[in-house]
Amino acid sequence: FGEFRTGKTQLSHTICVTSQLSFEMNGGQGKVIYLDTEGNFRTERIESIADRFGLDAEQTLDNIIVARVFSHEEQMGSIFIHFIQSLKRSKQC
């Protein structure tokens, strides 16, 4: 939520990439859930940001789960579902 054209989407896309950087590069070495409320997720932006940080663009995109949501209830439901799925996967390892 914020003013139009202030860089919110750019920041979100950058976080999607930088959260996957190694711990040595101050990243989180993780996966990301992107809750898209406006239909503005752009794979080409992720690819260019990944290239800038020296990451494989395809692998970076594979580590981003995009969920298009239209309400607060859908946002919370998506977070809960992906959290539970993540817990199940971690227990299988």
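Definitions and limits used
Residues numbered from 1 in each chain as written. Predicted model: local features only at pLDDT ≥ 70, side-chain atom pairs only at ≥ 80, totals over all residues. Heavy atoms only, no water. pLDDT = per-residue confidence, 0-100. Helix = DSSP H or I, 4+ residues; strand = E, 2+ residues; numbered from the N terminus. Buried < 20%, exposed > 50% of the residue type's maximum accessible area, 1.4 Å probe, protein only. Polar contact = N/O pair within 3.5 Å; in protein donor to acceptor, adjacent residues only side chain to side chain. Contact = heavy atoms within 4.5 Å. Core = buried A, V, L, I, M, F, W, Y, C linked by side-chain atoms within 4.5 Å. Patch = residues over 30% accessible without salt bridge, like charges linked within 9 Å, V, L, I, M, F, W, Y side chains within 5 Å. Areas by Shrake-Rupley, 256 points an atom, 1.4 Å probe, with all protein chains shown as cover. Salt bridge = Lys/Arg side-chain N within 4 Å of Asp/Glu carboxyl O. Lys, Arg positive; Asp, Glu negative; His and termini not counted. Charge placed at Lys NZ, Arg CZ, Asp CG, Glu CD.

**Topic: the confidence of the model for the protein**
The predicted model of the protein has a mean per-residue pLDDT of 89, with 96% of residues at 70 or higher. Put simply, helix α4 (residues 72-92) is where the protein has its lowest mean pLDDT, 80, and helix α2 (residues 43-52) is where it has its highest, 98.

**Side note on the side chain of Thr-60**
Summarising the element assignment, Thr-60 is placed in helix α3 (residues 57-62). Judged by relative accessible area, which is 2%, Thr-60 ranks as buried. Among the polar contacts made by the side chain of Thr-60, one reaches the main-chain carbonyl oxygen of Asp-56 at a distance of 2.7 Å. Contact partners of Thr-60, with chain neighbours within four places excluded, come to Val-17, Gln-20, Ile-46, Ala-50 and Leu-55.

**Observations regarding the side chain of Asn-40**
Looking at where Asn-40 falls in the secondary structure, it is placed in the loop between β1 (32-36) and α2. Separated by 3.3 Å, the side chains of Asn-40 and Tyr-34 make a polar contact.

**A look at the environment of Met-25**
You can see Met-25 is positioned in the loop between α1 (8-18) and β1. By relative accessible area, which is 46% here, Met-25 ends up partly exposed. Met-25 sits 28 residues away from Phe-53 along the chain, and the two C-alpha atoms are 9.8 Å apart.

**Some details on unusual backbone geometry**
A positive phi is found at Asn-26, a non-glycine position, where the angle reads about 65°. As for its position among the elements, Asn-26 is in the loop between α1 and β1. At Gln-29, a position not held by glycine, the phi torsion is positive, near 50°. Relative to the elements of secondary structure, Gln-29 occurs in the loop between α1 and β1.

**As for the nonpolar core**
Listed in full, the ten residues of the largest apolar core are Cys-16, Val-17, Val-32, Tyr-34, Phe-41, Ile-46, Ile-49, Ala-50, Ala-57 and Ile-64. Elements supplying a minimum of two residues to this core: α1, β1 and α2. With residues near it in sequence (within four places) discarded, Val-17 still touches Ile-46, Ile-49, Ala-50, Phe-53, Leu-55 and Thr-60.

**Examining a negative patch on the surface**
Taken together, the side chains of Glu-44, Glu-47, Asp-51, Asp-56, Glu-58 and Asp-62 define an acidic patch exposed on the protein surface. For the negative patch, the elements supplying multiple residues, two or more each, are α2 and α3. Considering each element in turn, the negative patch owes the most residues, three residues, to α2. With respect to the element layout, Glu-47 can be found in helix α2. Here Glu-47 falls in the partly exposed class, since its relative accessible area comes to 34%.

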